[in-house]
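So the chains spell out like this:
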Amino acid sequence: MEMIKVLKKCTAALLVSFTAMGVQAQTFKDGKLWLNEDGSNYFKLTLISQVWIRNTDMNPGTTINGFEKDNFTDIGIRRARMQAFGQITDRVFIYAQVGMNNFNYSADRKAGFFIHDITGEYEVARKHLSLGAGLSAWNGLVRYAAPSVGSILGIDAPLFEQTTNDATDQFLRKLSLYAKGKFGKLDYRLVMSSPMSITKSAGYTPTIGSNATFSPKPPKMQWQGYFQWQFLDEEANTTPYMTGTYLGTKKVFNIGAGFQYQPDAMWRTGHNSDTIEQAMQHFAVDVYYDAPLNAATGTAISAYAAYINFNYGNGFSRNQATMNPGNGTNRPDILNGSGNGYPSFGTGNLLYGQVGYKFKNELIGKTTLMPYASLQYAHYDRLQDNMAFWDTGVNWLLKGHTSKLTFAYQSRPIYQVMPGSLLAEATDRKGSFLLQYQVYLN
């Protein structure tokens, strides 16, 4: 825990530097630099590191630098982030986040941190309405369209809930205007976003075909919203990021619903080789429950389920390949692409569920365990067979989310494009073993 002490000292030193530049702080308390007597105005820094070691059974035909590989072990930095935010006056809130994602052996070297978020926000009506703007993770549709990465239940967030992740946004962040607030038990967010150009996304190809893809034409505004009824404890909406699990420190039961809509976001060719433009429109409902089971012993449960109707246009399919260990393929008939990719995004219907159980406190010395399991199950237009991706593992909570070790196994389906058809059929399954260490200064 020496690292934690060092980081806290560094954070305090950085915050003190703000005082030296003219901020009249009263005290440094609870990780915050108080800007007034009661701490209602404050400034804070956080830091997180997530490091993976992983063994992956590669998709058929995967190559690394031109050499075919069927199995590979790598180490990578899944996420490294620093947040800086604060309620700098009674009504003004500022938020910024810098960091990097997916830095492994094949990543560009010395890429450095980049801006994830930068927003300014003004509270118009106490608790009921705040308006903000900037590069923002305020998204609609579902709970984990903006996950709090430091409190994820499993090894990773359900990334398919970030529907345009790094296609027309920047790792889920968008250039947006947003409104948020609470009315009693109702928590809401409404967002107008300016989508980023698909031509700047990795792997972009200008070819148009029979299956829908993101259109390179100047994008129209994207509209999205998410509404949740918080039956039990109220969750904070200071930032857009939604907690994965509270480890039994709160009793939360929410039911949510959301939407996302962008006119003419997609294009494809019709039967007469004409260009057809289609709207991107998604609708979803979800439910979240996270609560202690026995307050005396510390046991707790966390559960989440979602139903999403995705409509990206006819035949749309897009692979997810997190920190992909492969960088090429000699099997163009494999829909998954290289490495660990699988068709996570698509037009159709999806069901997702995750559940975890926290054992009693001090199960192993001062530490405890929290096993979990999740399933992504989808019927997509492009796939002849339904898609099922599952993930199971255990968190070793050395000190809550501050210091935890997660071991997981993920199983994904392999799809092969059928000869003479636009459809792909499931032919095999591949898996990955992952070990993550997280340290989180919050």
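As a starting point, this report considers the structure included with it. Note that the structure is a prediction, hence the values are computed from the model and not measured. (Residues numbered from 1 in each chain as written. Predicted model: local features only at pLDDT ≥ 70, side-chain atom pairs only at ≥ 80, totals over all residues. Heavy atoms only, no water.)

Focus on the environment of glycine 258
Relative to the assigned elements, glycine 258 resides in strand β14 (residues 252–269). The spatial distance from the C-alpha of glycine 258 to the C-alpha of tyrosine 288 is 14 Å, given a sequence separation of 30 residues. For glycine 258, the contacting residues outside a window of four places in its chain are Leu141, Gly225, Tyr226, His282, Phe283 and Ala284. (Helix = DSSP H or I, 4+ residues; strand = E, 2+ residues; numbered from the N terminus. Contact = heavy atoms within 4.5 Å.)

Quick notes on the sheet that holds strand β18 (residues 328–329)
Strand pairing within a sheet occurs via backbone hydrogen bonds; the two strands may be parallel or antiparallel. Taken in spatial order, the three strands of this open sheet run β5-β4-β18, and their pairing is antiparallel. Every interior strand has two partners, whereas the edge strands, β5 (67–68) and β18, have only one. Where strand β4 (residues 62–64) and β18 come together, two bridges link them in antiparallel fashion. For threonine 63, the partnering residue across the bridge sits in β18 and is glycine 328. (Pairing = 2+ DSSP bridges.)

Points about the environment of isoleucine 301
You can see isoleucine 301 is positioned in strand β16 (residues 299–310). Through-space distance from the C-alpha of isoleucine 301 to that of tryptophan 390 is 19 Å; in sequence the pair is 89 residues apart.

Examining the packing of aromatic side chains
Evaluation of the coordinates by the stated rule reveals 21 aromatic pairs. Measuring from centroid to centroid gives 6.2 Å for tyrosine 304 and tyrosine 352, while their planes differ by 55°, and the two rings are tilted. Remark: tyrosine 352 occurs in strand β20 (residues 348–358) and tyrosine 304 occurs in strand β16; sequence separation between them is 48 residues. Given the relative accessible area of 3%, tyrosine 304 is considered buried. You can call tyrosine 352 buried: its relative accessible area is 7%. A centroid spacing of 5.1 Å and a plane angle of 85° characterise the contact between tyrosine 357 and phenylalanine 359, whose relative ring orientation is edge-to-face. Taken together, the ring pairs connect Phe85, Phe93, Tyr95 and Tyr241 into an aromatic cluster. Here the guanidinium or amino end of lysine 32 rests over the ring plane of tyrosine 42, the centre of that ring lying 4.2 Å away. Looking at lysine 250, its charged tip hangs above the ring of tyrosine 246, at a distance of 5.7 Å from the centre. (Phe/Tyr/Trp six-rings, centres within 6.5 Å; stacked < 30°, edge-to-face > 60°. Buried < 20%, exposed > 50% of the residue type's maximum accessible area, 1.4 Å probe, protein only. Lys NZ or Arg CZ within 6 Å of the ring centre and 35° of its normal.)

Honestly, that's just the spatial picture; any functional story needs more than this.
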